[in-house]
Amino acid sequence: MASTAIPISAFCSLKTLPKSSFSFFQPSTSPSPSTSAVLVGRFYSRPISCSRPKHVTIRACTQVGASESDSSWRKLANQKDAFWRFLRPHTIRGTIFGSTAMLARALIENPNLINWWLLPRALTGLFALICGNGYIVGINQIYDIEIDKINKPYLPIAAADFSVSSAWALVLALAAIGFLIAGLNFGSFLSALYTLGLFLGTIYSVPPFRLKRFPIVAFLIIATVRGFLLNFGLCYASRAVLGLTFEWSAPDVFITTFVTLFALVIAITKDLPDVEGDRKFQISTFATKLGVRNISFLGCGLLLVNYLGAILAAIYRPKVFRCDLMVVAHAILALTLIWQVWVLHEANYTKEANSRLYRFIWNLFYAEYIIFPFI
């Protein structure tokens, strides 16, 4: 015990030594064995190596490995985010809400036919619709790169998060998968409707047709695909899945008419935030021709007509619709729309305010599908 004790006088003398006398102050310097032995002997009862500790190297390797792992996860997350933006999630949500609402309505009208074994087929049909939706919005981005750099710089191709070749591979894969699902599971008639939707989406964006250049034709295509074709096809498919023959019920006629007019409004107002880029590339839209203020009033006026029509339908057909729900729900939605138009006017129709209005119109679109099964 006495040999390992450190006298106070020795400790004081050690304090006066320069730092170079201690090997652990200068790890890159190799002290002489004698010096090392003396210093180590004063502090420890057994010798300690003066070489660089191995755990430092292990820690460095671990940090490098963790950094590479974080980088890989970050790249994967960025690719996932780019893919989701490429699919235009607001349109995906519209497809999901529409499909769910139409099937739910068919089940509510025929509760005895509820069979959970039908769920996989319904989900397969929904996936086919999402594939078709992805193809249409994707092909539009491929041919609108320069315009999107001004109007929608956050989109993945415009932002250089996706290469054009990757985008082409993705849209062709989506179209092929959707078409195969429709053909193998839903018969020739629904496959024909699906193909028609893809065709209209193609000529909307792709030269030499590029029908988006012509305002009236453009919004008719959007209204046809998003309104009539989607809802008619969903109604037909829902009844087919349940083993029922197709027939138009009053609620089906209502939602198809309502959503078709709603799709016209979406087609008109979608160009409100994009006036700058459309004018630069000579894309003729109602917003560039008639002005942002006039188009916002026109679109919202058509929506108010839609809501008024829903209220009147409930009042005059109380045996078909739930009058209380139809009247109250559509009155509230109409009032929120009026309030949003006032907010747009107060913001002086800036690009950001126009974008907010357009997003709000999509929220109203989702809301209609949410209440539809219960009316």
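Since the structure is predicted, the reported quantities are computational estimates derived from the model, not experimental observations.

Rules used in this analysis
- Residues numbered from 1 in each chain as written.
- Predicted model: local features only at pLDDT ≥ 70, side-chain atom pairs only at ≥ 80, totals over all residues.
- Heavy atoms only, no water.
- Helix = DSSP H or I, 4+ residues; strand = E, 2+ residues; numbered from the N terminus.
- Buried < 20%, exposed > 50% of the residue type's maximum accessible area, 1.4 Å probe, protein only.
- Contact = heavy atoms within 4.5 Å.
- Areas by Shrake-Rupley, 256 points an atom, 1.4 Å probe, with all protein chains shown as cover.
- Expected span 1.5 Å × (residues − 1).
- Axes fitted to C-alpha atoms, helices over the stretch in contact; angles between N-to-C directions.
- Parallel < 35°, antiparallel > 145°, perpendicular 65-115°, else oblique.
- Left-handed = near helix turned anticlockwise from the far one by under 90°.
- Nonpolar A, V, L, I, M, F, W, Y, C, P; charged D, E, K, R; others polar.
- Phe/Tyr/Trp six-rings, centres within 6.5 Å; stacked < 30°, edge-to-face > 60°.
- Lys NZ or Arg CZ within 6 Å of the ring centre and 35° of its normal.
- pLDDT = per-residue confidence, 0-100.
- Salt bridge = Lys/Arg side-chain N within 4 Å of Asp/Glu carboxyl O.

### Things to note about the overall build of the protein
In terms of helices and strands, the protein carries 15 helices and zero strands. Evaluated residue by residue, the protein yields a buried proportion of 44% over its 375 residues. A separation of at least 24 residues holds for 75% of the contacts in the protein among residues at least 6 apart in sequence. If you sum the accessible surface of the protein, you get close to 20600 Å²; carbon and sulfur atoms cover 67% of it.

### Thoughts on helix α14 (residues 323–346)
Along its 24 residues, α14 runs 35 Å from first to last C-alpha, staying within 8% of the 34 Å computed at 1.5 Å per residue. Considered for burial, the residues of α14 that qualify are Met326, Ala329, His330, Leu333, Ala334, Leu337, Gln340, Val341 and Leu344. Tucked into the core, α14 has its buried residues touching α10 (250–269), α13 (292–316) and α15 (351–371). Note on α14: the residue one or two positions beyond its end, Asn348, has a positive phi of about 65 degrees.

### Let's talk about α10
Because an α-helix packs 3.6 residues into every turn, residues spaced three or four apart end up facing the same way. End to end, α10 covers 29 Å across 20 residues, agreeing with the expected 28 Å (1.5 Å per residue, within 8%). Among the 20 residues in α10, 15 count as buried, and that is most of the element.

### Here we look at the packing of α13 against α15
Relative placement of two packed helices is described by the angle separating their axes and the distance separating the axes. Two numbers describe how α13 lies on α15: the axes approach to 12 Å, and their chain directions differ by 15 degrees. As far as their axial angle goes, α15 and α13 are roughly parallel. Like other packed secondary-structure pairs, α13 and α15 cross with a definite hand, here left-handed. In contact with Val292, Ser296, Cys300, Leu303 and Tyr307 of α13, α15 contributes Asn354, Leu357, Ile361, Leu364 and Glu368. Split by residue class, the contact of α13 with α15 holds seven nonpolar, two polar and one charged.

### Regarding the environment of Gln79
You can see Gln79 is positioned in helix α3 (residues 54–86). A residue is classified by how much of its surface remains accessible, and Gln79, at 43% relative accessible area, is partly exposed. A sequence separation of 83 residues divides Gln79 from Phe162, and the C-alpha atoms of the two residues are 8.3 Å apart.

### Quick look at the packing of aromatic side chains
Taken as a whole and judged by the stated rule, the model has 20 aromatic pairs. A ring pair is formed by Phe365 and Tyr369, whose centres lie 5.3 Å apart and whose planes are at 90 degrees; its orientation type is edge-to-face. One end of the pair is Phe365 and the other is Tyr369, both in helix α15 and four residues apart, which spans about a single turn. In this structure, Phe365 and Tyr369 share a single accessibility class: buried. Aromatic ring contacts, followed pair by pair, group Phe97, Phe254, Phe258, Phe262, Tyr307, Phe321, Trp362, Phe365, Tyr366 and Tyr369 into a single cluster. When the ring centre of Phe372 is taken as origin, the NZ or CZ atom of Arg105, which lies over that ring, is 5.6 Å away.

### Observations regarding the confidence of the model for the protein
The predicted structure's coordinates, where accompanied by low pLDDT, should not be read in detail. Of the residues in the protein, 82% reach a pLDDT of 70 or more, and the chain-wide mean stands at 83. Predicted confidence is poor over residues 1–54, with pLDDT under 50, and the contacts of this stretch with residues over four places away or in other chains come to 23 contacts.

### Regarding the environment of Tyr307
One can find Tyr307 in helix α13. For the pair Tyr307 and Phe258, spaced 49 residues apart in sequence, the C-alpha to C-alpha distance is 8.6 Å. Beyond its immediate chain neighbours, meaning those up to four positions away, Tyr307 contacts Phe258, Phe262, His330, Leu333, Ala334, Leu337, Leu364 and Glu368.

### Observations concerning the side chain of Asn133
Following the sequence through the fold, Asn133 ends up in helix α5 (residues 119–142). Relative accessible area serves as the criterion here: at 9%, Asn133 is assigned to the buried category. Leave out the neighbours within four places in its chain, and Asn133 touches Leu87, Thr91, Ile92, Thr95 and Arg226.

### Notes on the pattern of salt bridges
For the structure on display, the rule yields 10 salt bridges. Here Arg210 makes a salt bridge to Asp144, at a shortest N to O gap of 2.6 Å. Of the two residues, Arg210 sits in the loop between α8 (187–205) and α9 (215–241) while Asp144 sits in the loop between α5 and α6 (145–151), which places them 66 residues apart along the sequence. The two residues Arg210 and Asp144 agree in class, both being buried. For Glu352, the salt bridge identified is with Arg356, shortest N-O distance 3.4 Å. Here Glu352 and its partner Arg356 are both found in helix α15, four residues apart, which amounts to about one turn of the helix. Here the salt bridges do not stand alone but share partners, grouping Asp81, Arg85 and Asp161 into one network.

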